[in-house]
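Secondary and tertiary structure notes
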Amino acid sequence: MKRLLILSALSAAALMTSACITVIDADHDDDFGWHGENAQPFDGARAECRASTDEGPRSEAFRQCMAAKGWTRS
């Protein structure tokens, strides 16, 4: 019984952290603070949003594009 309880606690902890992504090795100051849950890969999403909006990461259009790809900025 004790083993089952420990195993279920470890499984729950692993599941809670597995879907959350945070960009921590950013190349540029504008890349900090993005968080994604079940998101597209960050570099690809950023490149697509830059190309489609012709605006920088501080613009509302860029943030909406990134949100559509699963990324939000804190």
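One numbering rule holds for all chains: residues counted from 1, following each sequence as written. With pLDDT at 70 or above as the cut-off, local features in this predicted model cover only qualifying residues; side-chain atom pairs require 80 or more to be listed or tallied, and sums for whole chains, interfaces and linings still use all residues. Only hydrogens and water are set aside when side-chain values are computed; all heavy atoms of the structure are taken into account.

As a further point, take the pattern of salt bridges. Counted as salt bridges are all cases of a side-chain nitrogen of Lys or Arg within 4 Å of a carboxyl oxygen of Asp or Glu. According to the stated counting rule, one finds 3 salt bridges in the structure shown. For Lys69, the salt bridge is made with Glu48, and the minimal N-O distance between the two is 2.9 Å. Placement of the pair is Lys69 in the loop between helix H3 (60-68) and strand S3 (71-73) and Glu48 in helix H2 (residues 42-53), with a sequence separation of 21 residues. You can call Lys69 buried: its relative accessible area is 16%. For each residue, the accessible area found with a 1.4 Å probe, counting protein chains only, is set against the maximum for its type, and the residue is called buried under 20%, exposed over 50%, and partly exposed in between. Look at Glu48 and you get partly exposed, because its relative accessible area is 43%. One salt bridge connects Arg63 with Glu60, and the closest N-O pair in it is separated by 3.3 Å. Here Glu60 and Arg63 lie together in helix H3, a separation of 3 residues that amounts to about one turn. The exposure class assigned to Glu60 is partly exposed, which follows from its relative accessible area of 46%. Secondary structure follows DSSP: runs of H or I at least 4 residues long count as helices, runs of E at least 2 residues long count as strands, and numbering of each begins at the N terminus.

A word on the pairing of strand S2 (residues 34-37). On S2, burial follows the alternation: Trp34 and Gly36 on one face are buried, whereas His35 and Glu37 on the facing-out side are not. At least two DSSP bridges between two strands are required for those strands to pair. The pairing of S2 with S3 spans 3 bridges and is classified as antiparallel. The residue bridging Gly36 from the neighbouring strand is Trp71, located in S3.

Think of a nonpolar core as a cluster: buried Ala, Val, Leu, Ile, Met, Phe, Trp, Tyr and Cys residues, connected wherever their side-chain atoms sit within 4.5 Å. Core analysis: the largest hydrophobic core is formed by 9 residues, namely Trp34, Ala39, Phe42, Ala45, Cys49, Phe62, Cys65, Met66 and Trp71. Should any heavy atoms of two residues lie within 4.5 Å, those residues are considered in contact. Beyond its immediate sequence surroundings of up to four residues, Phe62 is in contact with Trp34, Arg46, Cys49, Arg50, Thr53, Glu55, Gly56 and Pro57.

What follows covers the packing of aromatic side chains. The description of an aromatic ring pair rests on the distance of the ring centres and on the angle between the ring planes. The criterion for an aromatic pair is that two Phe, Tyr or Trp rings (for Trp, the six-membered ring) have centres within 6.5 Å, with stacked assigned to planes under 30 degrees apart, edge-to-face to planes over 60 apart and tilted to the rest. This structure, assessed with the given rule, holds 3 aromatic pairs. Aromatic side chains Trp34 and Phe42 sit 6.5 Å apart centroid to centroid with 50° between the ring planes, which places their arrangement in the tilted category. Taken individually, Trp34 and Phe42 each receive the classification buried, so the pair is uniform in this respect. Ring geometry for Trp34 and Phe62: centres 6.0 Å apart, planes at 65°, overall edge-to-face. Taken together, the residues Trp34 in strand S2 and Phe62 in helix H3 connect sequence positions 28 residues apart. Owing to a relative accessible area of 1%, Phe62 belongs among the buried residues under this scheme.

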